[in-house]
Amino acid sequence: MGAKLLQRRFLCTNTNQQQWKDWSIKQVTKSNFKESLAELKTHIQNSDFIAISSKKTGVVSSSPCKKVLPFLDTPEISYQKSKDVAERFQLLQFVVCPFTLTQSTCSSTTKVVSHPYNFHLFPRDELNLGMPQYTFSCQTSQLTALASEGFDFNVCVYDGISYLSRVQESLTKGRQANPSTGYSVNSSSTPSVADEIFTKRIKTRVMHWRDACVTKSKSNGSEDKENPAEALISSLRKLISGAELYGSRPCMSVDVCNERQVQLVVKMSRELFHDLVPLVVPDKGRGVPEAVRVVLTSSKEDKNLLEREIQDLEDEQNRKTRGFREVIDAISASQKPIVASNCLNGN
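All values derive from a computational prediction rather than experimental measurement.

Cut-offs used in this document
- Residues numbered from 1 in each chain as written.
- Predicted model: local features only at pLDDT ≥ 70, side-chain atom pairs only at ≥ 80, totals over all residues.
- Heavy atoms only, no water.
- Helix = DSSP H or I, 4+ residues; strand = E, 2+ residues; numbered from the N terminus.
- Expected span 1.5 Å × (residues − 1).
- Buried < 20%, exposed > 50% of the residue type's maximum accessible area, 1.4 Å probe, protein only.
- Arc of directions from axis to C-beta.
- Salt bridge = Lys/Arg side-chain N within 4 Å of Asp/Glu carboxyl O.
- Axes fitted to C-alpha atoms, helices over the stretch in contact; angles between N-to-C directions.
- Parallel < 35°, antiparallel > 145°, perpendicular 65-115°, else oblique.
- Contact = heavy atoms within 4.5 Å.
- Nonpolar A, V, L, I, M, F, W, Y, C, P; charged D, E, K, R; others polar.
- Pairing = 2+ DSSP bridges.
- Phe/Tyr/Trp six-rings, centres within 6.5 Å; stacked < 30°, edge-to-face > 60°.

(A) The arrangement of helix α2 (residues 33-46) in detail. In a regular helix each residue adds 1.5 Å, so 14 residues correspond to 20 Å; α2 covers 20 Å between its end C-alpha atoms and thus fits that length. Taken as a whole, α2 has its buried residues at F33, S36, L37, L40 and I44. Considered in projection along α2, the buried side chains sweep an arc of 100 degrees and stay on one side of the axis. What points out from α2, more than 90 degrees from its buried face, is the exposed set Q45 and N46.

Below, the structure is given as structure tokens:
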């Protein structure tokens, strides 16, 4: 609907001098958002300019006090009016169409290639994090106009892509309890006496645990070959004793009281043990680190595999958290010229 109109609006030029290729319009919902986002980023990177358009649950009032007047309003007043519309009404559809201009080698004609994407949007607490419910205004005339144009409200509500602002994303990350490897250590600070005592104590504890795990692993390997029953008994002993596992890898948790202790544990694990991977575990309620989980790997390849797995989980979680904002960030980061229609004031 919106993507087709957008193509025609920006390609209605002198057809004797320009040719354009009409790519099929891709309907993007949450079910195909991941692969569509990767394609869109490639098309944005290779484009010459980007056209965007939107459909909302309402438009700016025709009243002079609300309508954005380009010659009478100051930039501050225009911004406040557009902000008011953006906060009152809900965005249901957003069209992104990267355009590429190619000069023909045989003639003076220019070929215009478009890649239209029609994003269906709807805000929801998709991650079940108890975020505040969304409320927005609707104009019956606008909804009627959308329905007459064939807008599919069922697709929007049930399969629309959700999104969060940067403030909401920050709050959301604080409520998640996903371990992370990407923790920067401030090496410029001078360690205090308390830091040295804490580091020594944790180093001794981690060393004894690591040596015990390596010894058990070797003994269990020989027991598995000689007597499977002994291996089963050993596994049950681990279960009863409460030995921790991260997937199939042994791990131990080091409780921390502040950010400084987190830095010390992470630094010690990275510098002194080549086969350990420290994971910072945040407190789901407070959003601050509550422990550092040290995971033992069996080889360099296993360590690299674990780090890739953690990074992939972080990327996937971040993508789910940001949602449609990934598209806005990609457009902004490209620094390409943007031609907008029905994006600010609905006129």
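(B) Broad picture of the pattern of salt bridges. A complete count under the given rule lists nine salt bridges for this structure. Where D275 meets R210, a salt bridge forms, and the shortest distance between an N and an O atom there is 3.0 Å. With D275 in the loop between α9 (259-272) and β9 (276-282) and R210 in helix α7 (residues 193-226), this residue pair connects regions lying 65 residues apart in the sequence. Looking at D275, the relative accessible area reads 8%, which means it is buried. For R210, a relative accessible area of 17% corresponds to the buried category. One salt-bridge network, held together by shared partners, links R210, D211 and D275.

(C) Representation of the packing of α2 against helix α11 (residues 325-334) within the structure. Contact pair α2 / α11: the axes reach a minimum separation of 10 Å and the direction vectors enclose 10 degrees. Classified by the angle their axes make, α2 and α11 are roughly parallel. Listed contacts from α11 to F33, L37, L40, K41 and I44 of α2 are E326, V327, A330, I331 and S334. A class-by-class count of the residues in the contact of α2 with α11 yields seven nonpolar, one polar and two charged.

(D) Geometry of α9. The terminal C-alpha atoms of α9 lie 20 Å apart, and with 14 residues this matches the ideal 20 Å at 1.5 Å per residue to within 8%. Within the sequence span of α9, burial applies to Q261, V262, Q263, L264, V265, V266, M268 and S269.

(E) Fine view of the sheet that holds β9. Pairing in this open sheet of four strands is antiparallel, and the strands run β7-β8-β10-β9 from one edge to the other. Looking at the sheet topology across the chains shown, the edges are occupied by β7 (244-246) and β9. Taken pair by pair, the neighbouring strands of this sheet meet at an average axis angle of 40 degrees, ignoring direction. The pairing of β9 with strand β10 (residues 289-296) spans seven bridges and is antiparallel. Its bridge partner lying in β10, P278 is registered against V294.

(F) Region of the structure containing the packing of aromatic side chains. This model, assessed by the stated rule, comprises six aromatic pairs. When the ring of Y117 is compared with that of F119, the centres are 6.3 Å apart and the planes differ by 20 degrees; the resulting orientation is stacked. Relative accessible area serves as the criterion here: at 3%, Y117 is assigned to the buried category. Residue classification places F119 among the buried residues on the basis of a relative accessible area of 0%. Taken together through their ring pairs, the aromatic side chains of F33, F94, Y117, F119 and F324 make up a single cluster.

(G) Here's a closer look at the packing of helix α10 (residues 300-322) against α11. Where α10 meets α11, the closest approach of the two axes is 7 Å, and the angle between their N-to-C directions is 95 degrees. It follows from the interaxial angle that α10 and α11 lie roughly perpendicular. Within the contact between the two elements, α10 uses N318, R319 and R322 and α11 uses R325, E326 and D329. For the contact of α10 with α11, a count of residues per class yields no nonpolar, one polar and five charged.

(H) Geometry of the pairing of strand β4 (residues 91-103). One ladder, built from eight bridges, connects strand β3 (residues 49-56) with β4; its direction is antiparallel. If you follow F49 over to β4, its bridge partner there is F99. Sheet topology note: the β4/strand β6 (residues 117-120) ladder contains four bridges and is antiparallel. Paired with F94 across the bridge in β6 is F119.

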